[in-house]
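Architecture at a glance
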Amino acid sequence: MVHHTESPVFQPVTMGGLRLANRIVMAPMTRSRADDAGVLPAYAADYYSQRAGAGLIITEATNISAQARGYPRTPGIWSDAQIEAWKAVTDAVHREEGKIFLQLWHTGRISHPDMHGGDAPVAPSAVKPEGQIRVHDGMKDFVTPRALGIGEIPSIVNDYGTAAANAKTAGFDGVEVHAANNYLVEQFLRDSTNLRDDAYGGSLRHRLRFPLEVVQAVVEVWGADRVGVRISPVTTTPGETPLDSDPMATYGAYLDELSAMGILYVHDIEGVTQMNRQEAGGVHFHALRERFRGAYIANNQYTLALAESALARGDADLISMGRPFIANPDLVDRLRSGGPLAEAPKEYWYGGDSTGYSDWPRLR
Ligand SMILES: Cc1cc2nc3c(=O)[nH]c(=O)nc-3n(C[C@H](O)[C@H](O)[C@H](O)COP(=O)(O)O)c2cc1C
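Residues numbered from 1 in each chain as written. Predicted model: local features only at pLDDT ≥ 70, side-chain atom pairs only at ≥ 80, totals over all residues. Heavy atoms only, no water.

**So, the overall build of the protein chain**
The helix and strand inventory of the protein chain stands at ten helices and 14 strands. A principal-axis box enclosing the C-alpha atoms of the protein chain has dimensions of 60 × 40 × 35 Å. A buried classification covers 57% of the 364 residues belonging to the protein chain. Per element, the accessible surface of the protein chain, about 13700 Å² overall, is 50% carbon and sulfur. (Helix = DSSP H or I, 4+ residues; strand = E, 2+ residues; numbered from the N terminus. Buried < 20%, exposed > 50% of the residue type's maximum accessible area, 1.4 Å probe, protein only. Areas by Shrake-Rupley, 256 points an atom, 1.4 Å probe, with all protein chains shown as cover.)

Below is the structure:
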């Protein structure tokens, strides 16, 4: 059996004021097990606590409001019942000495009228995503979203603050703002989806306004040292969303501002999500990382070997892994001992029940 006990991957690390058992983070993964009211089942507490061996768990993306919803059976953090269900999760993770952050989500245009009583989803601008989205009864074509009126935007920022406060009530250790994967925050960032000409669009400074107001609202609740932000500068899915015309300038400026705010970490999806790990679209991830003085969590198709070399080169402070955690609740132990990794069939990724979710065995 191979022992990697010298590896920095398995050494405890301090990030801000948080003491983490190792440098492997569980990446956020939507698993679509909540009920129609956005309340997680009791077995979600088993699922998350089984994975508490990660240095830090980031939860599946969680809707900040009813308006934020894009997909069936995704959890929320606006009702008392949702908060209660999350409290059971955080209690279970803390009993296993894990740490857990909630990922805050508004899907914007990546949604469907079926999720909103027939009303169009909202977005910075009326730009229709390409392709189809999962709804309750199968796949449906995307529709053109309704461009938000400038007077509506402060209430969405406010919803982020309320959701952040609810996350505190639910016992989380911190929160991650989901500014990745072409959801609402990134729709404001990119000039391909933000065609506004008011204070929230047009110039780069204006495109950054909403993404920074959201982080500020969350920081006011948690303090900057318990807030992370996730970005995905070159990811084009879902909705076949075109890249920003100058991602280094746009994301670089965002990181400059987040750095000045002193937030805890940036969590960067390096490459096209789940598809490649290469630099693409003129983005150099190391150069981006240099723009931010907090911790840098790297993600996308990392293996233990890639994680070790990225840490050794100083290209990242922590590494997050997503898919490997689905079928390997004890992933960190398996990596440490060189144990075999199980693979989860895709049919278990989204929807269903505890099968393929909270019933994966530990190696020993
Ligand atoms: C089933 C599944 C659900 C996902 N849900 C989310 C999500 O809710 N929020 C998010 O930011 N990324 C989500 N992702 C992306 C992952 O966090 C991660 O970026 C991606 O899987 C690449 O990392 P990996 O190669 O280690 O799996 C999801 C990925 C998968 C496979």
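**A word on the pattern of salt bridges**
Taken as a whole and judged by the stated rule, the model has twelve salt bridges. Notably, a salt bridge pairs Arg 291 with Asp 256, separated by 2.9 Å at the nearest N-O pair. Remark: Asp 256 occurs in helix α6 (residues 247-261) and Arg 291 occurs in the loop between α7 (285-289) and β13 (295-299); sequence separation between them is 35 residues. On the accessibility criterion, Arg 291 (33% relative accessible area) is partly exposed. Residue class for Asp 256 comes out partly exposed when judged on its relative accessible area of 34%. The shortest N-O distance in the salt bridge between Arg 313 and Asp 315 comes to 2.8 Å. Residue class for Arg 313 comes out exposed when judged on its relative accessible area of 54%. (Salt bridge = Lys/Arg side-chain N within 4 Å of Asp/Glu carboxyl O.)

**Focus: the pairing of strand β5 (residues 100-105)**
The element β5 is largely enclosed, with a buried count of six among its six residues. On β5, burial covers both faces: Ile 100, Leu 102 and Leu 104 on one face and Phe 101, Gln 103 and Trp 105 on the other are all buried. Read from strand β4 (residues 56-63) through helix α2 (residues 80-95) to β5, the crossover connection turns out right-handed. Across four bridges, β5 lies against strand β10 (residues 174-178) in parallel orientation. From the neighbouring strand, Gln 103 faces β10, where its bridge partner is Glu 176. (Right-handed = clockwise from strand over helix to strand, strands pointing away. Pairing = 2+ DSSP bridges.)

**Considerations on the nonpolar core**
Counting 92 residues, the largest nonpolar core has Leu 104, Phe 210, Tyr 254 and Leu 258 as the members making the most contacts within it. The dominant element in this core, judged by the number of residues it contributes, is helix α5 (residues 204-222), at nine residues. The contacts of Phe 210, once residues within four sequence positions are left out, are Ile 153, Ile 156, Val 157, Tyr 160, Leu 184, Val 185, Phe 188 and Tyr 200. (Core = buried A, V, L, I, M, F, W, Y, C linked by side-chain atoms within 4.5 Å. Contact = heavy atoms within 4.5 Å.)

**Re the site of the ligand**
Within the structure, the ligand sits among 20 residues, and Thr 30, Arg 230, Asn 299, Gln 301 and Arg 323 are positioned closest to it. Gln 103 has a polar side-chain atom sitting 2.9 Å from a nitrogen atom of the ligand. Against a free-state accessible area of 610 Å², the protein chains account for coverage of 96% of the ligand. Of the residues in the shell around the ligand, the class split is eight nonpolar, ten polar and two charged. (Near = heavy atom within 4 Å. Polar contact = N/O pair within 3.5 Å; in protein donor to acceptor, adjacent residues only side chain to side chain. Nonpolar A, V, L, I, M, F, W, Y, C, P; charged D, E, K, R; others polar.)

**A short note on the packing of aromatic side chains**
Taken as a whole, this structure holds 14 aromatic pairs when the rule is applied. Between Tyr 160 and Phe 210, the aromatic rings sit 6.4 Å apart at their centres with planes inclined by 75 degrees, giving edge-to-face as the arrangement. Of this pair, Tyr 160 sits in helix α3 (residues 153-169) while Phe 210 is found in helix α5, placing the two residues 50 residues apart along the sequence. One exposure class covers both Tyr 160 and Phe 210, and it is buried. Members of the aromatic cluster, joined through ring pairs, are Tyr 43, Tyr 47, Tyr 48, Trp 86, Phe 172 and Tyr 357. Sitting over the face of the ring of Trp 222, Lys 168 holds its NZ or CZ atom 5.2 Å from the ring centroid. (Phe/Tyr/Trp six-rings, centres within 6.5 Å; stacked < 30°, edge-to-face > 60°. Lys NZ or Arg CZ within 6 Å of the ring centre and 35° of its normal.)

**Some points on the pairing of β10**
Among the five residues that make up β10, five are buried, leaving the element largely enclosed by the rest of the structure. Burial along β10 is two-sided: the face carrying Gly 174, Glu 176 and His 178 and the face carrying Val 175 and Val 177 are both buried.

**Regarding the environment of Tyr 71**
With respect to the helices, strands and loops of the structure, Tyr 71 is situated in the loop between β4 and α2. Residues contacting Tyr 71, with those up to four places away along its chain left out, are Trp 105, Ile 110, Met 115, Ile 133, Arg 134, Tyr 183 and Pro 238. Of note is the side chain of Tyr 71, whose polar atom sits 2.9 Å from the side chain of Tyr 183.

**Concerning the sheet that holds β10**
Pairing in this closed barrel of eight strands is parallel, and the strands run β3-β4-β5-β10-β11-β12-β13-β14 around the ring. The mean angle between the axes of side-by-side strands here comes to 25 degrees, regardless of whether they run parallel or antiparallel. Inspection of the sheet shows β10 paired to strand β11 (residues 227-231) by four bridges, in the parallel sense. Across the sheet, the residue bridging to Glu 176 is Gly 228, located in β11. Contacts from helix α1 (residues 43-50) reach β3 (24-26), β4 and β5 within the one sheet, and its direction differs from that of β4 by about 145 degrees. (Axes fitted to C-alpha atoms, helices over the stretch in contact; angles between N-to-C directions.)

Nothing here speaks to function; it is geometry throughout.
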